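This is what each chain is made of:
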Amino acid sequence: MRPTIRSLNAKLLLIVIGFVILSGILGAVRVGFAETRRIQTLYDNRLLSLSSRYSHYLEDELQARADTLLGARDVLLEALSQPRVLEPDLREYRDADGAYRKMDRYSGVFVHRDQPIDARINQLAHASQLAWERVTPVVDGVFSAFYFISRERVSRVWPQTIAINHRPDHDVTTEIFYTIATPEQNPQRAPQWTPIYFDAYSGEWMTSLIVPVYEQDDFVGVIGGDINVSYLLGKLSDLDTDGDQIMALIYDDEGQLVIHSAQRPDVGQRSEDYPLLNAPGEPEVGAADYMAGVAAGSVSLGEVARASIDGKPVHVVANRLDKMEWFISFYYPHSLIETRFRESMISVYINIILLAVFLFVVLFFSIRRYVVRRISALADATSRIDRENWYMSVPDSGSDEIARLGKSINNMLDQIRHLVRGLDDKISLLDKASLESRRLMSAIENSASLVVILNRDWKIEYANSQYWQTTGFSADDDCTRYRPLLLDENNSEKITLEDIDRKLQSQLARGGNIEDSAKWQAEYLATTASGQHFWLMQTVTAILGNDQRPDYYVCVGQDITDLKEKQQEVEKLAYYDHLTGLANRTLFKSQLRATLNRCLRTGHKMALFYLDLDHFKRINDTFGHEDGDLLLIEVARRLTECLRQEDMVARLGGDEFAVMLDEVESPQYAYVVANKIIQALNHPVELHGKEVVPGVSIGITIAPDDSNELDALMKSADLAMYQAKDKGRNSFQFYTADMNLAVEQRLTIERELRQALRFGQFELYYQPLIDLGTEKIVGAEALVRWNHPVHGMVSPADFIPAAEESGLIVPLGKWVLKTACYQAKGIQKALARDFKISVNLSARQLNEPDFITTLERCLRETGLAAASLELEVTESTLMVDAENVIPRLEQLRQKGCSLAIDDFGTGYSSLSYLKRLPINSLKVDRSFVKDLPEDEEDRAITSLIVAMANSLHYKVVVEGVETKEQHEFLSGCGCHYGQGFLYSRPLPADHFIALLFADDND
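All residue numbers refer to position in the chain's written sequence, counted from 1. Reporting of local features is limited, given that this is a predicted model, to residues whose pLDDT is at least 70; pairs of side-chain atoms are given and counted only at 80 or more, and all residues count toward the totals for whole chains, interfaces and linings. Side-chain measures here rest on the full set of heavy atoms in the structure, leaving out hydrogens and waters.

Novice: Mind showing me how you'd approach the overall build of the protein here?
Specialist: Elements are defined by DSSP. Helices are runs of H or I of four residues or more, strands are runs of E of two residues or more, and each kind is numbered from the N terminus. Each helix and strand counted, the protein has 28 helices and 35 strands in total. Counting every position in the protein, which comprises 1002 residues, the buried fraction comes to 44%. In these tables, accessible area is a Shrake-Rupley quantity obtained with a 1.4 Å probe, and a residue counts as shielded only by the protein chains included in the view. Taken as a whole, the protein presents about 52900 Å² of accessible surface, with 52% of it coming from carbon and sulfur. Only protein chains enter the accessibility calculation, which uses a 1.4 Å probe; a residue whose area is less than 20% of its type maximum is buried, one above 50% is exposed, and one in between is partly exposed.

Novice: So what exactly am I meant to see when it comes to a nonpolar patch on the surface here?
Specialist: Together, Leu 14, Ile 17, Ile 21, Ile 25 and Val 29 make up a nonpolar patch on the protein surface, roughly 440 Å² of accessible area in all. Residue position: Val 29 is located in helix 1 (residues 8–81). Any residue with relative accessible area above 30% and no salt bridge may belong to a patch, with like charges joined within 9 Å and the nonpolar Val, Leu, Ile, Met, Phe, Trp and Tyr side chains within 5 Å. One side-chain nitrogen of Lys or Arg within 4 Å of one carboxyl oxygen of Asp or Glu is enough to make a salt bridge.

Novice: How should I be thinking about the nonpolar core in this particular structure?
Specialist: By nonpolar core is meant a set of buried Ala, Val, Leu, Ile, Met, Phe, Trp, Tyr and Cys residues that side-chain atoms within 4.5 Å join together. In this structure, Ile 837, Leu 869, Leu 871 and Leu 892 are the most contacted members of the largest nonpolar core, which totals 72 residues. Here the element with the most residues in this core is helix 20 (residues 809–831); it accounts for 10 residues. Note on contacts: a residue pair is in contact if any heavy atoms of the two residues lie within 4.5 Å. When neighbours within four sequence positions are excluded, Leu 869 is seen to be in contact with Leu 817, Cys 821, Ile 837, Val 839, Leu 855, Leu 859, Leu 864, Cys 897 and Ser 898.

Novice: For this particular structure, what's the right way to read the packing of helix 15 (residues 625–641) against helix 16 (residues 667–681)?
Specialist: Axis angles are defined between N-to-C directions and span 0 to 180 degrees, where every axis is a line fitted to C-alpha atoms and, for a helix, only to the segment in contact. The contact between helix 15 and helix 16 brings their axes to 10 Å, and the two run at 145°. Regarding helix 15 and helix 16, the two cross each other, and that crossing is right-handed. Listed contacts from helix 16 to Val 635, Arg 638, Leu 639 and Glu 641 of helix 15 are Lys 676, Ile 677, Ala 680 and Leu 681. We call Asp, Glu, Lys and Arg charged. Ala, Val, Leu, Ile, Met, Phe, Trp, Tyr, Cys and Pro are nonpolar, and the rest, Gly among them, are polar. Partitioned by chemical class, the residues of the contact of helix 15 with helix 16 number five nonpolar, no polar and three charged. Should the near helix be turned anticlockwise from the far one by less than a right angle, the crossing is left-handed, and should it be turned clockwise, the crossing is right-handed.

Novice: What is the right way to look at the side chain of Asp 662 in this model?
Specialist: With respect to the helices and strands, the residue Asp 662 is situated in the loop between strand 21 (656–661) and helix 16. There is a polar contact of 2.3 Å between the side chain of Asp 662 and the side chain of Arg 598. If we ignore the near neighbours within four places in the chain, the residues touching Asp 662 are Thr 595, Arg 598, Cys 599, Lys 605, Arg 644, Glu 646 and Asp 647. We define a polar contact as two N or O atoms separated by no more than 3.5 Å, with the added condition that, inside protein, one atom must be a possible hydrogen donor and the other a possible acceptor, whereas residues neighbouring each other in sequence contribute only through side-chain atom pairs.

Novice: For this particular structure, what's the right way to read the packing of aromatic side chains?
Specialist: Stacked, edge-to-face and tilted are the three classes for Phe, Tyr and Trp ring pairs, Trp counted by its six-membered ring, which pair at centre distances within 6.5 Å; planes under 30 degrees apart are stacked, over 60 edge-to-face, the rest tilted. Under the criterion given, the structure shown has 15 aromatic pairs. Plain terms: the ring middles of Tyr 251 and Phe 327 are 5.9 Å apart, the flat faces sit at 20° to each other, and that makes the pair stacked. On the criterion of sequence distance, the pair formed by Tyr 251 in strand 9 (residues 247–252) and Phe 327 in strand 13 (residues 326–333) is long-range, its members being 76 residues apart. In this structure Phe 327 comes out as buried when scored by relative accessible area, which is 5%. Ring centres of Phe 762 and Trp 786 lie 5.8 Å apart, and the angle between their planes is 35°; this geometry places the pair in the tilted category. You can see Phe 762 sitting in strand 26 (residues 762–771) and its partner Trp 786 sitting in strand 27 (residues 776–788), a full 24 residues away along the chain. For the pair Phe 762 and Trp 786, one class covers both residues: buried.

Novice: What is the right way to look at the sheet that holds strand 12 (residues 312–321) in this model?
Specialist: Two pairing modes exist for strands in a sheet, parallel and antiparallel, and in both the strands are linked by backbone hydrogen bonds. Pairing between strands requires that DSSP locate at least two bridges from one strand to the other. Taken in spatial order, the five strands make up an open sheet running 10-9-13-12-11, and their pairing is antiparallel. With one partner strand each, in any of the chains shown, strand 10 (257–260) and strand 11 (305–309) form the two edges of the open sheet. Within the sheet, the average angular offset between the axes of one strand and its neighbour, ignoring direction, is 35°. Where strand 12 lies against strand 13, eight bridges are found, and the strand directions are antiparallel. What sits directly across from Arg 320, in strand 13, is Phe 327.

Novice: Please explain the layout of surface pockets as it appears in this structure.
Specialist: A pocket here means an open set of points on a 1 Å grid, computed over the protein atoms alone, that has protein on both sides within 12 Å along at least five of seven lines. A cavity is instead a set of points where a 1.4 Å probe fits but cannot get out; residues with an atom within 4 Å of a point line either one. Grid points are joined across faces, edges and corners, and a volume is the space filled by probe spheres set on the points. When its volume is computed, the second largest pocket comes out at roughly 860 Å³. Glu 781, Leu 783, Pro 796, Asn 840 and Asp 902 are, among the 35 residues lining the second largest pocket, the residues nearest its centre. Elements represented by at least two residues in the lining of the second largest pocket include exactly strand 27, helix 19 (796–806), helix 20, strand 29 (836–841), strand 30 (869–874) and strand 31 (898–904). For the lining of the second largest pocket, the class distribution of residues is 15 nonpolar, 10 polar and 10 charged.

Novice: Could you clarify how one ought to interpret the sheet that holds strand 18 (residues 550–559) in this entry?
Specialist: The strand order across the open sheet built from five strands is 15-14-18-17-16, with neighbouring strands paired in antiparallel fashion. Each having just a single partner strand, strand 15 (460–463) and strand 16 (519–527) make up the two edges of the open sheet. Going from strand to strand, the sheet's axes swing by 25° on average, the running direction of each strand aside. Relative to the sheet, helix 10 (residues 497–509) contacts strand 16, strand 17 (533–544) and strand 18, its axis offset from that of strand 16 by approximately 165°.

Novice: Sorry, what's going on with the pairing of strand 13 here?
Specialist: Side chains on a regular strand alternate between the two faces of the sheet. Burial within strand 13 is extensive, with seven of its eight residues counted as buried. One ladder, built from six bridges, connects strand 9 with strand 13; its direction is antiparallel. Directly across from Ile 250, in strand 13, lies its bridge partner Ile 328.

Novice: Just checking my understanding: could you explain the environment of Ala 756 for this structure?
Specialist: Relative to the elements of secondary structure, Ala 756 occurs in helix 18 (residues 737–759). Spatially, the C-alpha atom of Ala 756 lies 8.6 Å from that of Asn 787, the residues being 31 residues apart in sequence. When neighbours within four sequence positions are excluded, Ala 756 is seen to be in contact with Gln 761, Phe 762 and Trp 786.

Novice: Please clarify how the pairing of strand 33 (residues 955–958) should be interpreted in this entry.
Specialist: Summarising the sheet, strand 32 (residues 921–924) and strand 33 pair through four bridges and their orientation is parallel. When the bridges of strand 33 are listed, Leu 922 appears paired with Val 956. The β-α-β motif built from strand 32, the intervening helix 26 (residues 936–951) and the parallel element strand 33 has right-handed crossover chirality. Looking at chain direction, strand 33 and strand 34 (residues 977–978) are connected through two bridges and run parallel. Its bridge partner being in strand 34, Val 958 is matched across the sheet by Gly 978. When the strands point away from the viewer, a crossover counts as right-handed if the path from the first strand over the helix to the second runs clockwise.

Novice: What should I look at first to understand the pattern of salt bridges in this one?
Specialist: Opposite charge on two side chains permits pairing when their charged atoms draw close. Per the stated rule, a full pass over the model turns up 32 salt bridges. Measuring nitrogen to oxygen at the nearest pair gives 3.2 Å for the salt bridge that ties Asp 577 to Arg 651. Linking Asp 577 in the loop between helix 12 (561–575) and helix 13 (585–602) with Arg 651 in strand 20 (residues 648–653), this pair joins segments that are 74 residues apart in sequence. Neither Asp 577 nor Arg 651 differs from the other in exposure class; each is buried. The salt bridge partner of Glu 872 is Lys 923, with a shortest N-O separation of 2.9 Å. One end of the pair, Glu 872, is in strand 30; the other, Lys 923, is in strand 32, and 51 residues separate them in sequence.

Novice: Would you explain helix 14 (residues 616–623) in this entry?
Specialist: Residues lying three or four places apart along an α-helix face the same way, a consequence of the helix completing one turn every 3.6 residues. Within helix 14, the full set of buried residues consists of Phe 616, Ile 619 and Asn 620. End-on, the buried residues of helix 14 take up no more than an arc of 100°, which puts them together on one face. The outward face of helix 14, more than 90 degrees from its buried face, is lined by the exposed residues Lys 617, Arg 618, Asp 621 and Thr 622. Along its buried surface, helix 14 packs onto strand 19 (606–613), helix 15 and strand 23 (690–692). Where helix 14 ends, the next residue or the one after it, Gly 624, has phi of about 100°, a positive value. Arc definition: directions from the helix axis to the C-beta atoms.

Novice: What is the right way to read the packing of helix 14 against helix 15 from this model?
Specialist: When two helices pack together, their arrangement is given by the angle between the helix axes and the distance between those axes. In contact at an axis separation of 6 Å, helix 14 and helix 15 are set at 135° when each is read in the N-to-C sense. With respect to helix 15, the element helix 14 is oriented oblique. Between helix 14, through Phe 616, Ile 619, Asn 620 and Phe 623, and helix 15, the contact on the second element is made entirely by His 625, Asp 627, Gly 628, Leu 631 and Leu 632. Every angle not falling under 35 degrees, over 145, or within 65 to 115 is termed oblique; those three ranges are roughly parallel, roughly antiparallel and roughly perpendicular.

Novice: How should I be thinking about the environment of Lys 312 in this particular structure?
Specialist: Structurally, the position occupied by Lys 312 is in strand 12. Overall, the relative accessible area of 56% leaves Lys 312 in the exposed class. C-alpha of Lys 312 to C-alpha of Pro 333: the two residues are 21 residues apart in sequence and 7.3 Å apart in space.

Shown next as structure tokens:
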């Protein structure tokens, strides 16, 4: 490429300009460095001052809260030391769930339902009430929650909602709020801080301060207060007077982030930014290394350091909060220094530019006069020398450097003349050698083999066209080490370059013919640039250097894919079943042995199935062997579809198959797969227009639970398979006794449910629906009962879950719907008036595609009007999939049926969904009724539900009415209908009809 600038004057101009610019830059850098140090020192001092003040502020705040709790502890101990008076007996405050709850003015007390109530319990409850009445106004603005937990599982807590929401079996002495301050965990009896946690009651992130309570050196319990973590950095903006330029973060002694001043922890952030609040997790990437260094002690405390936070350089100082064993760091971005630096450097740059212009003028004209002119004369003379004028000379007068340059050029011209004469002789010899080289290269280039020459570092020096064409590489690719040999570094053949070189060196050490000994040969699966694979026979020959070590490697490869495919076909005939394509017994036992050994090493489990087709001989004899073969092929296909990719299925011979499940977590998974296989093989197979159901008996054994020996496992599976055949075929049997018992119990209840449906063991009971205004029966709810021939009357709670799980709830629900409609129609005829019947629907029933058709057929066959039928759907069913359930309910309402939401108030319904639901009534759950009318909150909730329902024009039905007082309250607040033991328990149909006649005659 010819230079753009030819003139020496122009080049001199550029050099001078460059020199001046470089001098200006160096001067600016020196001044800028000093200015940067000044600005940085200013901000570092400000950072240290703010860090010290805020750290002391936090220490004082935390100590104040600790003093508050210590004072509350003294008040409680004073209350406990007062003379005993007549204290309320907590046994009078036992709720329906078994727990003891008593709500006072400032707090509530909770006692575990299994805790016996004695005088000590009543004393603790009364003393803590007195103490809380004194200290609650004080701690109201200090803590988010304030509580006392005794070792007798008495919990006094403010606010009251926490005690109300405790589960009845909630053991408060197992929580960290208690255990962290027990004598075993806190022998020093010092206040303790808990880790950060998310408080579901307040929806805030909290930490708690816990103080142990000892009465005459006897551990009584703990007093604790919850603190919102957001206050930890709440005062930073007041102390930072420069507009939030200084940021802060708090983290624990393991380097885990607690809070960041630029972020506030909330529910949406806890898994992303606050892993301490939602472990396990990782802190934000930008601050992780810094926080870990502070926690490990590699970063000095109280000194400003450089770090990277959020991917940006910052100046940061760290201090330790000894009260909570946390660290707090303050930092400001380095960009703040850069901004101040740019503002102060403008005047410096102007002075540097003026000085640079002056230097440029002086330097340019001085060098041009004393250097450039003489060099130009020397260049002109040199340019006239060419091949025809070798004997010319250049000016060399004088004694300075330019004159010495002229003399050196003249000496160089003499040497060139001598070399030219020698080069002419060498050229003729090179032409002859080049001709022989071209012939050899032509032979290699046109070879069908893959030829590549590698240097000592296994990098390509040459490759023929067949190599580039086959491999797909190009000369620009970075082909080194394993890639030129078409090998992956972690190849399945375990071939390494070190092994190749070691073998070549070993052959050379044995001596002999070098051409024969320095070779390595192997067959392996090669990989091209595009990822395609083919079998390659590779020969590597070492070309030795003067040190008798390989300087180059000549690699010649042959594509042997066709030969390998023929070998694989032979192996397939030896290890695979020719009919189904599955593994045969030989391959299956080999894989089973390898899997069993791996399970013994890793501790995992595996399952072995033995499968035998039921009545296959009869099918073979009836349809012929060709159809029998087709059946075996279809069975093999279905078995394969039932398994995971890592599992294995084999045909052992005849109609016997085997399945191996790798890494089975529990026997229950084998149960699921066995059921899946039986269901798959219970679908008919069409053989020449005729359908055949194969059926299969399966024996299952689990390794290493049953045995860790191959033959014993196969015998166990075979024995279990024959036990399955003995029990009626088309089933499976576990060899493990305990698992077998569990499977049998499940099958027993499913089988008994099917028999109950088949033999009519179910009955309907009816619970009346009372009009609260007239106190007359206006309808009833149909409730199913199972009259078991052995166990007697079985509660729905004992068999409905099993029916739901097995899918039998669908036929059971159809029976209930049809029977209820039929009996309701009979009641209407007997009473000669309208009568409404309510039937519960399960989620599976509602999602059945043909449910609407079933309902229409039921109403048509029984003659019951749709307006006389009310369908009840639980609130939880609606909320699981409201968008799909609402259209189904709309269809039911269009048919004329009434719709009700059952157990209302337990499923967290959205008001936006509620007003969209095509319903007629709400059934208030009995949990809101049991404490009426005494409980103020239940009264408020019930009144609110009634008011909301009336505004939406819904009828309100209240469940669980048991007392006259409840009846009067509900009637007075506007409820329309009621159900409960006050009116009647669920009755058989005949008893219920008698009750209806008696009600009509009143």
